[in-house]
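# Reading the structure
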Amino acid sequence: MLILNKTAQVFSNPSKRKIYEYLRSFNFHPGKVFLHKLVLGIETSCDDTAAAVVDETGNVLGEAIHSQTEVHLKTGGIIPPVAQQLHRENIQRIVQEALSVSKVSPSELSAIATTIKPGLALSLGVGLSFSLQLVDKFKKPFIPIHHMEAHALTIRLTNKVEFPFLVLLISGGHCLLALVRGVSDFLLLGKSLDIAPGDMLDKVARRLSLIKHPECSTMSGGKAIEHLAKQGNKLHFDFKPPMQRAKNCDFSFTGLQHIIDKTILRKEKEEGIEKGQILSSAADIAAAVQHTTACHIAKRTHRAILFCKQRDLLSQSNAVLVVSGGVASNLYIRKALEIVANATQCTLLCPPPKLCTDNGIMIAWNGIERLRAGLGILYDTEGIRYEPKCPLGIDISKEVGEAAIKVPRLKMEI
């Protein structure tokens, strides 16, 4: 499963001897004494190869990341075998760089934590295989990490946040609302029934051919939509938020995407241009799409807060709403959530942008949290497998729907 990049040669199926030669090649600083727990976190669940070393006080001692965004922009989306190959080519360098910067040798680690669920199967396999080689060589405990749990707990690295709190995770691959009651204690209130908001925004950006737009050529789809939306008028197109009659906390974005696709096709015919050319109304479409997405996410989050307060699952006066994941860096969507937080007397907290997207720091920190709590620490890794699909926590979304809470109308003046 590993690829070792030595003197410009790539070994797609390295022998055990070559793997151990690589592991012995770590050159660090002997003699240092670390008084704190130290965890190496490794993340390869999608299209970023990342690693970091974090101590139990939350200090990030070293980190490294290799982004595949540029490659996937050219192919028009993430192609799993391509992502796998890029992970294989970069994981050795990234892990070694994170350890070197931290001045920590593998023997000084308290544990190794790695994302094993959910994500792209081919990508997860690279990180797991590499990690197990390290675990075997240095005889360290292994901590399997749930990617969504790591996103949810990141805020406890940057802010003093006590349990329980509500978390909204919005990214290119995930969309869910959950009550976080402990390190591995989650109540799932709602999730996307189809695709994630980041995926939808990326698809709209591709359909609008924003990669050909001079201001957006190097941006991901979601970033391009956010950038172009600033120049557009959201009122020029009336896209209705999905699931308005469903009084639950689930999300849906596929229907909205289809309506937008039809609108783009109609505008192309009106303007007499072919698919692949930039519409004169592209900025207006981007603004309307972003606004509708923000309103949909905000309303479901509003209902989740009301449900939790009604059931005394959250404090009535000083509840915390945490928003994380790649889409959480969209400032327009964040402002919509600020309106909800203010209306419900909640404190809105978001990790810094670089910790909202996939990274090794959140994986290492999740490892620290589990190490301190004594949860899910494996000393025997036999039979450990990655899980491309894996729900988070206990699903009480049916109970949320049965409560049928009506959400007061809020003015989304953003």
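Residues numbered from 1 in each chain as written. Predicted model: local features only at pLDDT ≥ 70, side-chain atom pairs only at ≥ 80, totals over all residues. Heavy atoms only, no water.

### Considering the overall build of the protein
So the rule is basically this: Runs of E in the DSSP output that reach at least two residues are strands. Runs of H or I that reach at least four are helices, and both are numbered from the N terminus. Both definitions apply: the radius of gyration is a C-alpha atom measure, and the globule rule equals 2.2 Å times residues to the power 0.38. Burial here depends on accessible area, computed with a 1.4 Å probe over protein chains only, as a share of the maximum for the residue type. Under 20% is buried, over 50% is exposed, and the range in between is partly exposed. Contact criterion: two residues are considered in contact whenever any of their non-hydrogen atoms come within 4.5 Å of each other. Each accessible area is a Shrake-Rupley estimate made with a 1.4 Å probe; only the visible protein chains count as cover when residues are assessed. Think of it this way: Lys and Arg go in the positive column, Asp and Glu in the negative one, and His and the chain ends go nowhere. Working definition for charges: the position is that of NZ of Lys, CZ of Arg, CG of Asp or CD of Glu.
On a plain count of helices and strands, the protein comes out with 14 helices and 13 strands. In terms of C-alpha radius of gyration, the protein reaches 22 Å, essentially the compact-globule figure of 22 Å for 414 residues. Structurally, the protein occupies a C-alpha span of about 65 × 55 × 35 Å along its principal axes. Burial status across the protein gives 55% buried among its 414 residues. For the protein, contacts bridging at least 24 residues in sequence account for 74% of all contacts bridging at least 6. Surface accessibility of the protein: about 18,100 Å² in total, with carbon and sulfur atoms responsible for 51%. The averaged location of the 39 negative side-chain charges in the protein is 1 Å from the averaged location of its 50 positive side-chain charges.

### Topic: the nonpolar core
In plain terms, the rule: Nine residue types can take part in a nonpolar core, namely buried Ala, Val, Leu, Ile, Met, Phe, Trp, Tyr and Cys, and a core is a set of them joined through side-chain atoms within 4.5 Å.
Core analysis: the biggest nonpolar cluster contains 64 residues, and Leu166, Leu189, Met200, Leu208, Ile260 and Val323 have the highest contact counts within it. When neighbours within four sequence positions are excluded, Met200 is seen to be in contact with Ile195, Phe253, Leu256, Gln257, Ile260, Val289 and Thr293.

### What about the state of the cysteines?
Rule in force here: Defined by distance alone, a disulfide is two cysteine sulfur atoms within 2.5 Å.
Considering all chains together, one arrives at 0 disulfides under this definition. Cysteine Cys350 remains unbridged, with the sulfur of Cys356 as its closest cysteine sulfur at 6.0 Å. We classify Cys356 as buried; its relative accessible area is 0%.

### Looking at the sheet that holds strand β6 (residues 111-117)
Keep this limit in mind: The pairing criterion for strands is at least two bridges between them, as found by DSSP. Axis lines are fitted through C-alpha atoms, for helices just across the contact stretch, and the angle between N-to-C directions can take any value from 0 to 180 degrees.
Pairing within the open sheet is mixed, and its 5 strands lie in the order β5-β4-β3-β6-β7. Strands at the two margins of the open sheet, each flanked by one partner only, are β5 (60-67) and β7 (142-146). Neighbour to neighbour, the strand axes of the sheet diverge by 20° on average, direction disregarded. Set on the sheet, helix α4 (residues 121-138) makes contact with β3 (38-43), β6 and β7; between it and β6 the angle comes to about 160°.

### Things to note about the confidence of the model for the protein
Here is the rule we go by: pLDDT runs from 0 to 100 and stands for how confident the predictor is about each residue.
The predicted model of the protein has a mean per-residue pLDDT of 91, with 92% of residues at 70 or higher. Across residues 27-34, where pLDDT falls below 50, the model places 13 contacts with residues more than four positions away in sequence or in other chains.

### So, α4
This is how the line gets drawn: Here the expected span of a helix is defined as 1.5 Å times the quantity of residues minus one.
Spanning 18 residues, α4 covers 26 Å between terminal C-alpha atoms, matching the ideal 26 Å at 1.5 Å per step. Among the residues making up α4, those that are buried are Ser123, Leu124, Gly125, Val126, Gly127, Leu128, Ser129, Phe130, Ser131, Gln133, Leu134 and Val135. One or two steps after α4, the chain reaches Lys139, where phi turns positive at roughly 55°.

### Some remarks on the pattern of salt bridges
Applicable threshold: Criterion for a salt bridge: a side-chain nitrogen of Lys or Arg within 4 Å of a carboxyl oxygen of Asp or Glu.
Counting across every chain of the model gives 15 salt bridges. A salt bridge links Glu270 to Lys267; its shortest N-O distance comes to 3.0 Å. Here Glu270 and its partner Lys267 are both found in helix α9 (residues 254-271), 3 residues apart, which amounts to about one turn of the helix. With a relative accessible area of 16%, Lys267 lands in the buried category. Sharing partners across several salt bridges, the network here consists of Arg156, Glu369 and Arg372.

### Side note on the packing of aromatic side chains
Quick note on the threshold: The pairing test for Phe, Tyr and Trp rings, Trp by its six-membered ring, is centres within 6.5 Å, and the orientation test on the planes gives stacked under 30 degrees, edge-to-face over 60, and tilted for anything in between.
All chains considered together, the criterion is met by 3 aromatic pairs. The interplanar angle of 10° and the centroid separation of 6.0 Å between the aromatic rings of Phe237 and Phe239 together place this pair among those described as stacked. Exposure remark for Phe237: the relative accessible area of 11% places this residue in the buried category. Geometrically, the ring pair formed by Phe251 and Phe253 is stacked, given 6.4 Å between the ring centres and 10° between the ring planes. Residues Phe251 and Phe253 agree in their burial class; the two are buried.

### Let's talk about the side chain of Asp48
In this fold, Asp48 is placed in strand β4 (residues 48-55). If we ignore the near neighbours within four places in the chain, the residues touching Asp48 are Glu43, Ile65, His66, Ser67, Gln68, His87 and Asp358.

### Observations concerning the packing of helix α7 (residues 197-207) against helix α8 (residues 221-229)
What counts here: Working rule for angles: under 35 degrees goes down as roughly parallel, over 145 as roughly antiparallel, 65 to 115 as roughly perpendicular, anything else as oblique. Residues are grouped as follows: nonpolar covers Ala, Val, Leu, Ile, Met, Phe, Trp, Tyr, Cys and Pro; charged covers Asp, Glu, Lys and Arg; every other residue, Gly included, is treated as polar.
Contact geometry of α7 with α8 gives a least axis separation of 7 Å together with a crossing angle of 70°. Classified by the angle their axes make, α7 and α8 are roughly perpendicular. Note on element contacts: α8 touches α7 through Gly221, Gly222 and Ile225, opposite Leu201, Asp202, Val204 and Ala205. Across the contact of α7 with α8, the residue classes tally to 4 nonpolar, 2 polar and 1 charged.

### Things to note about the sheet that holds strand β9 (residues 175-182)
Strand pairing in a sheet is mediated by backbone hydrogen bonds. Such pairs are either parallel or antiparallel. Here we have 6 strands laid out as an open sheet, ordered β12-β11-β8-β9-β10-β13, and mixed in their pairing. A single partner strand is all that each edge strand has here, and the edge strands are β12 (346-349) and β13 (394-395). Note: strand β8 (residues 165-170) against β9, 6 bridges, orientation antiparallel. Bridge pairing in β9 links Ile170 to Cys175. Sheet contacts for helix α10 (residues 282-310): β8, β9, β10 (185-191), β11 (319-324) and β12; angle to β8, the most-contacted strand, approximately 160°.

### Describing the environment of Arg156
Selection rule: Under this definition, polar contacts are N or O atom pairs within 3.5 Å; protein pairs additionally need one hydrogen-donor-capable and one acceptor-capable atom, and for neighbouring residues in sequence, both atoms have to be side-chain atoms.
With respect to the helices and strands, Arg156 occurs in helix α6 (residues 155-158). Sequence separation of Arg156 and Gly58 is 98 residues, and the distance between their C-alpha atoms is 8.8 Å. Those residues in contact with Arg156 that lie beyond four places of it in its chain are Val161, Glu162, Phe163, Phe165, Trp365 and Glu369. In terms of polar contacts, Arg156 uses its side chain to reach the side chain of Glu369, at 2.7 Å.

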